[in-house]
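For reference, the chains in residue letters:
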Amino acid sequence: MTDEQRAAYPTGLRERKKRRTRDALLHAALDLFTTQGYEETTVDEIVEAVEVSQRTFFRYFASKEEAAFAIQEMVESSFLSELRRRPAEEAPFDALRGAVLCAWNSIGETIEELVTVELHMRTYRMIESTPSLLAAHLRRCADLENQIALLIARREGLDVDEDPRPRVAVAAFCGVIRVTGQLWGRGRESGVDSLRALTEAYLDRLGPALAGNWRTESGATAG
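Residues numbered from 1 in each chain as written. Predicted model: local features only at pLDDT ≥ 70, side-chain atom pairs only at ≥ 80, totals over all residues. Heavy atoms only, no water.

(A) Here's a closer look at the overall build of the protein. What the protein contains, in helices and strands, is twelve helices and zero strands. Order of helices (α) and strands (β) in the protein, N terminus to C terminus: α-α-α-α-α-α-α-α-α-α-α-α. The burial tally for the protein puts 46% of its 223 residues in the buried class. When contacts within the protein are restricted to residue pairs at least 6 apart in sequence, those whose partners lie at least 24 apart make up 69%. Accessible area of the protein: about 11700 Å², with a carbon and sulfur share of 52%. (Helix = DSSP H or I, 4+ residues; strand = E, 2+ residues; numbered from the N terminus. Buried < 20%, exposed > 50% of the residue type's maximum accessible area, 1.4 Å probe, protein only. Contact = heavy atoms within 4.5 Å. Areas by Shrake-Rupley, 256 points an atom, 1.4 Å probe, with all protein chains shown as cover.)

(B) Inspection of the pattern of salt bridges at higher detail. What the rule picks out here adds up to 13 salt bridges. Of the charged contacts, one joins Arg167 and Asp161 as a salt bridge, the two residues approaching to 3.9 Å between their closest N and O atoms. Of the residues examined, Arg167 reaches a relative accessible area of 34% and is grouped as partly exposed. Through salt bridges with shared partners, a single network forms among Arg97, Arg196, Glu200 and Asp204. (Salt bridge = Lys/Arg side-chain N within 4 Å of Asp/Glu carboxyl O.)

(C) View of unusual backbone geometry. Its identity is not glycine, yet Glu51 carries a phi of approximately 65°, on the positive side. For Glu51, the location among the structural elements is in the loop between helix 3 (43-50) and helix 4 (54-60).

(D) Expanded view of helix 6 (residues 70-85). Here helix 6 is 16 residues long and its end C-alpha atoms lie 23 Å apart, about the 22 Å a rise of 1.5 Å per residue gives. Along helix 6, the residues that are buried comprise Ala70, Ile71, Gln72, Val75, Glu76, Ser78, Phe79, Leu80, Ser81, Glu82 and Leu83. (Expected span 1.5 Å × (residues − 1).)

Take it as geometry only, folks, not as evidence of what the structure does.
What follows is the structure, given as structure tokens:
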């Protein structure tokens, strides 16, 4: 578990109680969403399962949608943090590949502390099959792609609006991530390790097309 993830789990008695309540609400929400349907599930049913008030639910989640994407938000935040920490000398694709694999190494344990991997898989399938959540998922993906492209452009000293390579590379990278997520969600291998291995295998197919140091190539072209 990273220092950031440890910080998210405070050690004080009051904070631990708050964390347990949030985790219980999240688990109950995802279980209900995936068994009886997202649209069919009410906040009242979620809080009844945990024996807390609606006010308590909204203290931790702004909406049902926020609860539905809570695990995905953790994964995305972990990936962005890992990408910011990648060595400056790494080529762009190597940085993307290294960041996502490191993120899965560190976040897998945290996910399993919150929900079972099986429930995580069910949640992924539920998001993909629920029109309102799928639309939100695509909006989130577009926003994430933009954040990643800006990070990559900054690393390489490029203007993302002038040089298309950051956005093109990130679009290809995110496409692979979504495809592997879909395959994992439909597959029989339920462990986070299997998702990491699948992601690595697919990224390795894409790697040769995106590998290389852009700064060196840009300098050669400019010269």
